[in-house]
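Here are the chains, one letter per residue:
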Amino acid sequence: MVRISTEDTKKMTGLDASGIRKIRKIYQDEGKIGRYELFTKEQVEEIKMIVAYQRQNPHSSYKMAYEAVKLKNALDRLKIEAVDDFTSEAILAMGEEKLEDFFKYFNSLKDLLREFDDESVELLKNLESAILARIILKTQKSKKRLH
């Protein structure tokens, strides 16, 4: 695993020392790096996306940008994984009965919206995927803390 020096991380991401400290704190809170550990090459690539998001949305904090990138990555993964693979993760996260309820409510709302606006149905499908991805991420994160 290749580690990148703090100076190189600054150069690669365009962050100053304060920005690096803020990002480092987020990664430490998430358990992704230790107190004195350097970022990996993959983490620096992710940090570049966080910085880009934060600069496009200057009202958002680095933490909000981190969450947005994490969610985007989960959604990207969702798009390339087979539905069955993702459903099994959702069942583990929520339980079969709750997952069925989740889909039932979203399907009912989609049916209702279909009468009025197809574009809203597409938005709802994306929202459904995003919420499901967040639930799985949060469940996985809480399981990691228990181990």
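Heads up: the structure comes first, above all this text.
Please read all numbers here as calculations on a predicted model, not as lab measurements.

The rules behind the values
- Residues numbered from 1 in each chain as written.
- Predicted model: local features only at pLDDT ≥ 70, side-chain atom pairs only at ≥ 80, totals over all residues.
- Heavy atoms only, no water.
- Axes fitted to C-alpha atoms, helices over the stretch in contact; angles between N-to-C directions.
- Helix = DSSP H or I, 4+ residues; strand = E, 2+ residues; numbered from the N terminus.
- Parallel < 35°, antiparallel > 145°, perpendicular 65-115°, else oblique.
- Contact = heavy atoms within 4.5 Å.
- Nonpolar A, V, L, I, M, F, W, Y, C, P; charged D, E, K, R; others polar.
- Phe/Tyr/Trp six-rings, centres within 6.5 Å; stacked < 30°, edge-to-face > 60°.
- Buried < 20%, exposed > 50% of the residue type's maximum accessible area, 1.4 Å probe, protein only.
- Salt bridge = Lys/Arg side-chain N within 4 Å of Asp/Glu carboxyl O.
- Core = buried A, V, L, I, M, F, W, Y, C linked by side-chain atoms within 4.5 Å.
- Polar contact = N/O pair within 3.5 Å; in protein donor to acceptor, adjacent residues only side chain to side chain.
- Expected span 1.5 Å × (residues − 1).
- Arc of directions from axis to C-beta.

**Student:** Kindly report on the packing of helix α1 (residues 6-13) against helix α2 (residues 17-29), identifying the contributing residues and their values.
**Tutor:** Their axes nearest at 10 Å, the elements α1 and α2 cross at an angle of 100 degrees. Compared by their axis directions, α1 and α2 come out roughly perpendicular. When α1 is examined against α2, the residues T6, T9, K10 and T13 are found in contact with a partner set consisting of A17, I20 and R24. The residue inventory of the contact of α1 with α2, partitioned by class, reads two nonpolar, three polar and two charged.

**Student:** Tell me what's going on with the packing of aromatic side chains, and back it up with residues and numbers.
**Tutor:** One pass over the full model with this rule turns up four aromatic pairs. Both rings, one in Y27 and one in F39, keep their centres 5.4 Å apart while their planes meet at 80 degrees; by these two values the pair is edge-to-face. Of the two residues, Y27 sits in helix α2 while F39 sits in strand β2 (residues 39-40), which places them twelve residues apart along the sequence. We classify F39 as buried; its relative accessible area is 1%. When the centroid spacing of 5.7 Å and the interplanar angle of 70 degrees are considered together, the rings of F102 and F103 count as edge-to-face.

**Student:** An account of the pattern of salt bridges is requested, with residue identities and associated values reported.
**Tutor:** Enumeration according to the criterion identifies twelve salt bridges in this entry. Here K110 and E128 are joined by a salt bridge, their closest N and O atoms 2.8 Å apart. Residue K110 is located in helix α6 (residues 96-114), and its partner E128 is located in helix α7 (residues 118-146); the two are separated by 18 residues in the primary sequence. The exposure class of E128 is buried, given its relative accessible area of 9%. If you follow the salt bridges from partner to partner, you end up with E30, K63, E67 and K70 in one network.

**Student:** Requested: an account of the nonpolar core, with residues and values cited.
**Tutor:** With 16 residues, the main nonpolar core has L15, I23, Y27, F39, I47, I50 and Y62 as its most contacted residues. For this core, the elements supplying multiple residues, two or more each, are α2, α3 (41-56) and α4 (62-80). Not counting residues up to four positions away in its chain, the partners in contact with F39 are V2, R3, I4, T9, I23, R24, Y27, I33, V44 and I47. Formed by eight residues, the second largest nonpolar core is a distinct cluster that contains M94, F102, L124 and L132.

**Student:** Explain the side chain of E128 to me, and be specific about the residues and the numbers.
**Tutor:** Here K110 takes part through its side chain, which lies 2.8 Å from a polar atom of the side chain of E128. In this view, E128 contacts F102, F103, F106 and K110; residues no more than four positions away in its chain are not counted.

**Student:** Can you lay out α6 for me, pointing to particular residues and giving the numbers?
**Tutor:** A rise of 1.5 Å per residue sets the reference length of α6, with its 19 residues, at 27 Å; its end C-alpha atoms lie 27 Å apart and thus fit the reference within 8%. Every buried residue of α6 is accounted for by L99, F102, F106 and K110. The buried side chains of α6 occupy one side of the element, clustering within an arc of 65 degrees when seen end-on. Facing away from the buried side of α6, by more than 90 degrees, are the exposed residues E97, E100 and Y105.

Everything listed here is a matter of geometry and, on its own, says nothing about what the molecule does.
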